[in-house]
Amino acid sequence: MTISVAERAELRAAVGGLLADRCAEDDVRRAMASETGFDHDLWRRLADQGVLGMLVDGVYGGLGFGAREVEAVAEETGAALLPAPFISSAVLTVALINAAGSAADKQRLLPGLVEGTSIGTVALTGASGSWTPDGVAVRAAADGALTGTAHYVTWGQAADIVLVAAHTGDGIGVFEVAADADGFQRSAATVFDPTVRLSTYTFTGTPARRFGTVGWDAVKEALDHAVIASAGEQVGGSRRVFDMTVDYLKTRVQFGRQIGSFQALKHMAADLLLDLENATSAAQHAADQKASGGETADGALALAGFVCAEAYQNIAMQAIQLHGGIGFTWEHPAHLFVRRARTGMHLFGSSRLHRERYLVSKGA
């Protein structure tokens, strides 16, 4: 379903308002220190707003939106540093079910994801973290039993809907594994950013059910949406930490002057603003191209994949310097943005991978 720019702005404002009330810095720190890593009541409220069902067809209780809406909402979740399985469950898992599942699969799985009563994840890559077919480290036997280890599974401890990419005799297949299946072990990974929980999944002859005969194309479709959502979050986080830094430059006084009046700091802030605007354009263009099915969608997605991640890391790190180094302390909010930015440099494909894909899309 296509909605107008004004309606998209209203959706974004509604989500931003909820997160302003329920996902302030204290809320983020409290959630990331909890056992599950997220606020379940906030998760239900996001479900009530329709955020968890944006990519789900109305037949299954969703809103039937597309990439543009996902990117717009992700800018708000990124600005708030939302610690929750939004991309993992509402984007990556839903997009893969849309691409690979049968009508019966969708009817069985999607309503719970929309309502927030189920949480989904997708196990896609091995220890290399390449997010490519070659990086898949799980194999499926002829009877569907899975063997191998998947790493960097987003919100893997919380998920009750588990989809797995695995090598088969005819390429990559998508399999569903019951949360309590025999031979299925989950281990929480040590993470640099506690607002994004990761797990390692080990399969030892684990029974699984294959989703039809779909292959990597379905996985790529899901990853495309995850990259768009991640780019949106990176833009939102970049803008938030940039605004925070500019406010500091306006209020910090040194040598009898606001430090924002110093020419060197003005130049640094101007360079960061250019990074932010470039990243915003890249993320929104990628979403537009994906939503419209443009021929240049692959290139636009690859561009957003590295431009947004690199801009976020640069803006967050420079914010530390412009705060005089105080942002490097764990107690300062800028430090949280640095950790999220560093994590985003690797999830769903590294900047190097996206650069290579961009060059391929240009025929280089």
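The model shown is predicted, which means the values in this text are computed figures rather than measured ones.

Visitor: Could you clarify how one ought to interpret the UniProt feature "domain: Acyl-CoA dehydrogenase/oxidase N-terminal" (unreviewed entry) in the protein chain in this entry?
Guide: The sites that carry the UniProt feature "domain: Acyl-CoA dehydrogenase/oxidase N-terminal" (unreviewed entry) are, in the present numbering, residues 7-116. Counting secondary structure, residues 7-116 comes out at 67% helix and 0% strand; the distance between its end C-alpha atoms is 23 Å.

Visitor: Looking at this structure, how should I read unusual backbone geometry?
Guide: Excluding glycine, a negative phi dihedral is what most residues carry, and trans is how most peptide bonds are arranged. The residue Tyr 152 is not glycine, and still its phi comes out positive at about 55 degrees. Relative to the elements of secondary structure, Tyr 152 occurs in strand β3 (residues 146-154). Overall, the relative accessible area of 34% leaves Tyr 152 in the partly exposed class. Phi at Phe 348 is positive, roughly 65 degrees, even though this residue is not glycine. Within the secondary structure, Phe 348 sits in the loop between α10 (333-344) and α11 (351-361). Overall, Phe 348 belongs to the buried group, its relative accessible area being 5%.

Visitor: Mind showing me how you'd approach the side chain of Thr 200 here?
Guide: Within the fold, Thr 200 resides in strand β7 (residues 198-206). On the basis of relative accessibility, which here comes to 18%, the residue Thr 200 falls in the buried class. Residue contacts for Thr 200: discarding those within four places in its chain leaves Thr 149, Ala 150, His 151, Gln 185, Arg 186 and Ser 187.

Visitor: Got a minute to help me understand the pairing of strand β5 (residues 171-177) in this structure?
Guide: Working note: regular strand, side chains alternate between the two faces of the sheet. For β5, a buried count of six out of seven residues is recorded, marking the element as mostly surrounded by other parts of the structure. The sheet contact formed by strand β4 (residues 161-168) and β5 spans seven bridges and is antiparallel. Each bridged residue has a counterpart across the sheet, and for His 167 the counterpart in β5 is Ile 172. Looking at chain direction, β5 and strand β8 (residues 209-210) are connected through two bridges and run antiparallel. Across the sheet, Phe 175 pairs through a bridge with Arg 210, a residue of β8.

Visitor: I would appreciate a short explanation of the nonpolar core in the present structure.
Guide: Burial of nonpolar side chains together is a common tendency in soluble globular proteins. With 81 residues, the main nonpolar core has Leu 46, Phe 86, Leu 96 and Phe 348 as its most contacted residues. With 11 residues, helix α7 (residues 216-251) is the single largest residue contributor to this core. With residues up to four places along the chain from it excluded, the contact list for Phe 348 reads Ile 87, Leu 92, Trp 131, Thr 154, Leu 223, Ala 226, Val 227, Ser 230 and His 354.

Visitor: Looking at this structure, I do not really get the packing of helix α9 (residues 297-322) against α10. What am I missing?
Guide: For any two helices packed against each other, the geometry is given by the interaxial angle and the distance between the axes. In contact at an axis separation of 9 Å, α9 and α10 are set at 155 degrees when each is read in the N-to-C sense. Judged on the interaxial angle alone, α10 and α9 are roughly antiparallel. By crossing handedness, the relation of α9 to α10 is classed as left-handed. Mapping the contact onto sequence places Ala 309, Tyr 312, Gln 313, Ala 316, Met 317 and Ile 320 in α9 and Ala 334, His 335, Phe 337, Val 338, Arg 340, Ala 341, Arg 342 and Gly 344 in α10. By residue class, the composition of the contact of α9 with α10 is nine nonpolar, three polar and two charged.

Visitor: How do you make sense of the pairing of β7 when you look at a structure like this?
Guide: Examined bridge by bridge, β3 and β7 share seven bridges and lie antiparallel to one another. Looking across to β7, one finds that Thr 149 is bridged to Thr 202. Relative to β7, strand β6 (residues 184-188) is paired through five bridges, and the arrangement is antiparallel. Residue pairing for β7: Ser 187 is matched across the bridge by Thr 200.

Visitor: Help me understand the packing of aromatic side chains in this model?
Guide: What characterises a pair of aromatic rings is the spacing of the ring centres plus the angle enclosed by the ring planes. Evaluated as defined, the whole model comprises seven aromatic pairs. For the ring pair Phe 38 and Trp 155, a centre distance of 5.7 Å and an interplane angle of 90 degrees mean the geometry is edge-to-face. Taken together, the residues span a long stretch of sequence, with Phe 38 in the loop between α2 (25-32) and α3 (40-48) and Trp 155 in the loop between β3 and β4 at a distance of 117 residues. The exposure class assigned to Trp 155 is buried, which follows from its relative accessible area of 4%. Ring geometry for Phe 306 versus Tyr 358: centroids 6.0 Å apart, planes at 70 degrees, classification edge-to-face. Of this pair, Phe 306 sits in helix α9 while Tyr 358 sits in helix α11; the two residues are 52 residues apart in sequence, bridging distant segments of the chain. Among the aromatic residues, those joined into a cluster by ring pairs are Phe 38, Trp 43 and Trp 155.

Visitor: What am I meant to see in helix α6 (residues 103-115) here?
Guide: Given 3.6 residues per turn, any residue in an α-helix points the same way as the ones three and four places further on. In this model α6 runs 18 Å from its N-terminal to its C-terminal C-alpha over 13 residues, within 8% of the 18 Å that 1.5 Å per residue would give. All of the buried residues along α6 are Asp 105, Lys 106, Leu 109, Leu 110, Pro 111, Gly 112, Leu 113 and Val 114. The inward-facing, buried residues of α6 abut α3, α5 (86-100), β1 (120-123), β4, β5 and β8. One or two residues past the end of α6 sits Gly 116, with phi positive at roughly 80 degrees.

Reading guide: rules and limits
Residues numbered from 1 in each chain as written. Predicted model: local features only at pLDDT ≥ 70, side-chain atom pairs only at ≥ 80, totals over all residues. Heavy atoms only, no water. UniProt positions renumbered as here; feature names shortened; annotations may be inferred. Helix = DSSP H or I, 4+ residues; strand = E, 2+ residues; numbered from the N terminus. Buried < 20%, exposed > 50% of the residue type's maximum accessible area, 1.4 Å probe, protein only. Contact = heavy atoms within 4.5 Å. Pairing = 2+ DSSP bridges. Core = buried A, V, L, I, M, F, W, Y, C linked by side-chain atoms within 4.5 Å. Axes fitted to C-alpha atoms, helices over the stretch in contact; angles between N-to-C directions. Parallel < 35°, antiparallel > 145°, perpendicular 65-115°, else oblique. Left-handed = near helix turned anticlockwise from the far one by under 90°. Nonpolar A, V, L, I, M, F, W, Y, C, P; charged D, E, K, R; others polar. Phe/Tyr/Trp six-rings, centres within 6.5 Å; stacked < 30°, edge-to-face > 60°. Expected span 1.5 Å × (residues − 1).

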